[in-house]
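Architecture and fold: a report
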Amino acid sequence: MNVRPDPKVTTPPSKAEVVYDGAGAAEIDNAGLSAEASDGLEPSISANGGGGCHGGAAEMRNAAEAAGNGELMERLKADYPQGPHDQPQSMCPAFGSLRVGLRMRRTATVLSGSACCVYGLTFTSHFYGAKRTVGYVPFDSETLVTGKLYEDIRDAVHKLADPELYDAVVVTNLCVPTASGIPLRALPKEINGVRIIGIDVPGFGVPTHAEAKDVLAGAMLAYARQEAASGPVQAPAAGRADLPTVTLLGEVFPADPVSIGRMLEPLGLAAGPVVPTREWRELYAALDCAAVAAIHPFYTASVREFEAAGRPVVGSAPVGVEGTSSWLRAIGEACGVDRSKVDAALNGILPAIRGALASAPVKARITLSGYEGSELIVGRLLTEAGADLRYVGTACPKTRWNAEDAAWLQARGVHVEFRASLESDLAAVDGFEPDLAVGTTPVVQHAKQKAIPALYFTNLISARPLMGPAGAGSLAAIINSAVAGKARFDRMSAFFDGVGKGRSSGVWHDRDRLPTGEAQPEASAVDAKASVKMEDF
């Protein structure tokens, strides 16, 4: 145990401060430099003089365009149109593409971005169960401005490209390298037989982590499609399917492909791979399908590759009675299946779904919001289960593959908000006073503060089977159990009433400065944005 010396004092240090190592005794260069004099030493991490990570979306976007990434920014703008908020309101979007890469076998992942961003992304990915190393190519102002960062990335890729270990190496530019024009497209397409995939996932161009999954999935499909067009490719590990397949676009609960496969079997079809895939060669099988089911409707880049391969794409999903009926008919039409076969399949499956819904009804007023992209199909399922659904907010955009779901919900009086802001989701909770709020973490927190039962959409709702008879009865138990907890919330709210407000909001040492006893009326915690007002619901 040591006493930290003051480098400016020659006399023995005071024993008032106790430290546990000698780090404080280290000599500091420019120790006498004033804060004002050091201002000029702060490096700019943007190659064109921008404010780096904190420069703001518009400034970063302008920097990216000036650095030669104008075409990239236009493509991102077209694929992922932004809403009332121009920045992600959930988490860094690159988490989505990072997670896709980390879940693929024989795939190395490298990030290029600010250290704080890389730390947060790797922490979050490992928190969610990733057991793989994330590569990182650090940079400073000099390497960013001179282009040395690109050379460092290229060297790292060459070192990683071991065909014994990897099928592909994925390199992702985060905000600052994208704004500075680091050209990942100039990387070799292949090294020692290992594919090199370079993508840009800036927070000022990709609105949600869900859509970032499409950025990587689309890039991989484009690469795989070119390979397949050039000659024979490797077959899937399980071999080719005996029946024509329907590729499932978007992450689903593991039981759902099985349920979908049973529904497709009477049509002479089989469930194909789920995109994003878990292995590179599954991409070939995904492209080699009869049709694509866009279960998640925001995979714009991926759909572009499927359509380029001549594959029809069908929106929505087989949820509930009406959803299953319309989806199977659309799949049958896309695959050229005889109408009588489709009718026979529906006669076999719909009574089971109808029975499952009847045996597990949901009787509650609900608001629903999330950022996964499956919010509308969950809303359809809840409505068919009997829920009084008032609001569905999704952070994802309106596309032609969720238009039918939106129209179905709106016809039943449900307000559907695309690119919903957090403010809109909270305003829905305040305005509708639901029996249950299903949403993101801040929505759940807001509802519970109002003594309203709430469930986190991602972990408790979307991570359940939704398709077919299994999906029809999967939500009732957790929904009804949460609604039944209302009395407990009321007791807790009454017990803690007033705690944390006014006089009880802290420890007050000065009696003369105590807050007034009369509580002032609280202003509304959240106002809906101009794009959505409660009067419009």
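Nothing here was measured: the structure is a model prediction, and the numbers come from that model.

Attention shifts here to the sheet that holds strand E3 (residues 107–112). To summarise the sheet geometry, strands pair through backbone hydrogen bonds and adopt either a parallel or an antiparallel arrangement. Strand order in this open sheet of 5 strands is E4-E3-E5-E7-E6, and the pairing throughout is mixed. Either end of the sheet is taken by a strand with one partner, and the two such strands are strand E4 (134–136) and strand E6 (190–191). Pairing between strand E5 (residues 168–173) and strand E7 (residues 194–200): 6 bridges, direction parallel. Each bridged residue has a counterpart across the sheet, and for Val169 the counterpart in E7 is Ile196. On top of the sheet, helix H3 (residues 94–102) reaches E3, E4, E5 and E7; it is set at about 155° to E3, its chief contact.

A word on the environment of Gly332. Looking at the element boundaries, Gly332 is found in helix H12 (residues 320–334). For the pair Gly332 and Leu269, spaced 63 residues apart in sequence, the C-alpha to C-alpha distance is 9.2 Å. Setting aside its immediate chain neighbours within four residues, Gly332 contacts Leu267, Val337 and Val342.

Time to look at the confidence of the model for the protein chain. When pLDDT is averaged along the protein chain, the result is 85; 84% of the residues meet or exceed 70. The least confident element of the protein chain is helix H1 (residues 35–38), whose mean pLDDT is 37; the most confident is strand E11 (residues 313–314), at 98. Note on residues 1–15: pLDDT is under 50 here. Beyond four places in sequence and across chains, it has 21 contacts. For residues 28–50, every residue scores under 50 in pLDDT, and the model assigns this stretch 27 contacts once sequence neighbours within four places are set aside.

Let us look at the side chain of Glu279. Looking at where Glu279 falls in the secondary structure, it is placed in the loop between strand E9 (270–275) and helix H10 (282–287). Judged by relative accessible area, Glu279 falls into the buried class, the value being 13%. Among residues more than four places away in sequence, those in contact with Glu279 are Met104, Arg105 and Ala237.

Here we take up helix H17 (residues 441–449). Those residues of H17 that fall on the buried side of the exposure criterion are Val443, Val444, His446 and Ala447. Down the axis of H17, the smallest arc covering the buried residues is 165°, so these residues share one side. Of the surrounding elements, those touching the buried residues of H17 are strand E12 (365–370), helix H16 (422–432), strand E15 (436–439) and strand E16 (454–456). Following H17 by one or two positions, Ala451 adopts a phi angle in the positive range, close to 65°.

Following the criterion strictly, the structure yields 22 salt bridges and no others. One salt bridge in this structure joins Asp388 and Arg365, with 3.9 Å as the shortest N-O distance. Taken together, the residues Asp388 in strand E13 (residues 388–394) and Arg365 in strand E12 connect sequence positions 23 residues apart. Salt bridges sharing common partners tie together Arg75, Asp79 and Arg304.

Before going further, it helps to examine the packing of helix H14 (residues 375–384) against helix H15 (residues 403–411). In the contact formed by H14 and H15, the axes pass within 9 Å of each other and the chain directions differ by 35°. For the crossing formed where H14 meets H15, the hand is left-handed. Along the contact surface, H14 presents Leu376, Ile377, Gly379, Arg380, Thr383 and Glu384, while H15 presents Glu404, Asp405, Ala406, Trp408 and Leu409.

Below, the discussion takes up the nonpolar core. Among the nonpolar cores identified, the biggest contains 73 residues, and Ile153, Val171, Leu249, Trp280 and Phe306 are the most heavily contacted of them. The leading source of residues in this core is helix H8 (residues 209–230), at 9 residues. Look past the residues within four positions of Leu249 in its chain and what remains in contact with it is Val275, Val292, Ala293, Ala294, Ile295, His296, Tyr299, Ser302, Val303 and Phe306. Counting residues in each nonpolar core, the second largest holds 59 residues, with Ala293, Trp327, Ile377 and Phe457 among its members.

The next thing to look at is empty space enclosed by the protein. Evaluation of the coordinates by the stated rule reveals 1 cavity of 30 Å³ or more. Here the largest cavity defines a volume of roughly 40 Å³. Taken together, Pro297, Phe298, Gly373, Glu375, Leu376, Thr394, Cys396, Pro397 and Asn402 make up the full set of residues lining the largest cavity. Here the residues of the lining of the largest cavity are counted per class, giving 5 nonpolar, 3 polar and 1 charged.

A contiguous nonpolar patch, built from Tyr119, Phe123, Phe127 and Tyr128 and spanning about 500 Å² of accessible area, is present on the exposed surface. Here Phe123 is to be found in helix H4 (residues 115–127).

Attention shifts here to the sheet that holds E15. Strands sit in the order E14-E13-E12-E15-E16 across an open sheet of 5 strands; the sheet is parallel. Strands at the two margins of the open sheet, each flanked by one partner only, are strand E14 (415–418) and E16. Taking each pair of neighbouring strands and ignoring which way they run, the sheet shows an average axis angle of 10°. Looking at chain direction, E15 and E16 are connected through 3 bridges and run parallel. Residue Ala437 lies in a different strand from E16, and its bridge partner there is Ala454.

The subject of this paragraph is the packing of aromatic side chains. Enumeration over the complete set of coordinates arrives at 5 aromatic pairs. Arranged with centres 5.7 Å apart and planes meeting at 85°, the rings of Tyr223 and Trp280 form a pair that is edge-to-face. Here Trp280 lies in the loop between E9 and H10 and Tyr223 lies in helix H8, a separation of 57 residues in the sequence. We classify Trp280 as buried; its relative accessible area is 2%. The rings of Tyr119, Phe123 and Phe127 are connected pair by pair, giving a single aromatic cluster.

What counts and how
- As a convention, each chain's residues are numbered from 1 in the sequence order in which they are written.
- Reporting of local features is limited, given that this is a predicted model, to residues whose pLDDT is at least 70; pairs of side-chain atoms are given and counted only at 80 or more, and all residues count toward the totals for whole chains, interfaces and linings.
- Here the side-chain values reflect all heavy atoms present in the structure, with hydrogen atoms and water set aside.
- Between any two strands, at least two bridges found by DSSP are needed for them to pair.
- Helical segments are the DSSP runs of H or I of at least four residues, strand segments are the runs of E of at least two, and each set is numbered from the N terminus.
- It only takes one pair of heavy atoms within 4.5 Å for two residues to be counted as in contact.
- Convention adopted: a line fitted to C-alpha atoms gives each axis, helices being fitted over their contacting stretch, and angles between N-to-C directions are expressed from 0 to 180 degrees.
- Each residue carries a pLDDT value, the predictor's own confidence for that position, ranging from 0 to 100.
- To sort residues, take the accessible area from a 1.4 Å probe on protein chains only and compare it with the maximum for the residue type: under 20% means buried, over 50% means exposed, and anything in between is partly exposed.
- Arc definition: directions from the helix axis to the C-beta atoms.
- Any carboxyl oxygen of Asp or Glu that lies within 4 Å of a side-chain nitrogen of Lys or Arg is treated as forming a salt bridge with it.
- For a crossing to be left-handed, the near helix must be turned anticlockwise from the far one by less than a right angle; the clockwise case is right-handed.
- What makes a nonpolar core is a set of buried Ala, Val, Leu, Ile, Met, Phe, Trp, Tyr and Cys residues whose side-chain atoms join them at distances within 4.5 Å.
- Buriedness of a pocket was judged along seven lines, with at least five required to meet protein on both sides within 12 Å; pockets are open sets of points on a 1 Å grid over the protein atoms alone, cavities are sets where a 1.4 Å probe fits but cannot get out, and lining residues have an atom within 4 Å of a point.
- Grid points are joined across faces, edges and corners, and a volume is the space filled by probe spheres set on the points.
- Classes in brief: Ala, Val, Leu, Ile, Met, Phe, Trp, Tyr, Cys and Pro nonpolar; Asp, Glu, Lys and Arg charged; the others, Gly included, polar.
- Note on patches: the residues involved have over 30% relative accessible area and no salt bridge, like charges join within 9 Å, and the nonpolar side chains Val, Leu, Ile, Met, Phe, Trp and Tyr join within 5 Å.
- The method behind every accessible area is Shrake-Rupley, applied with a 1.4 Å probe, and residues are considered shielded solely by the protein chains displayed.
- Within 6.5 Å between ring centres, the rings of Phe, Tyr and Trp (the latter by its six-membered ring) count as paired, and their orientation is classed by plane angle as stacked under 30 degrees, edge-to-face over 60, tilted in between.

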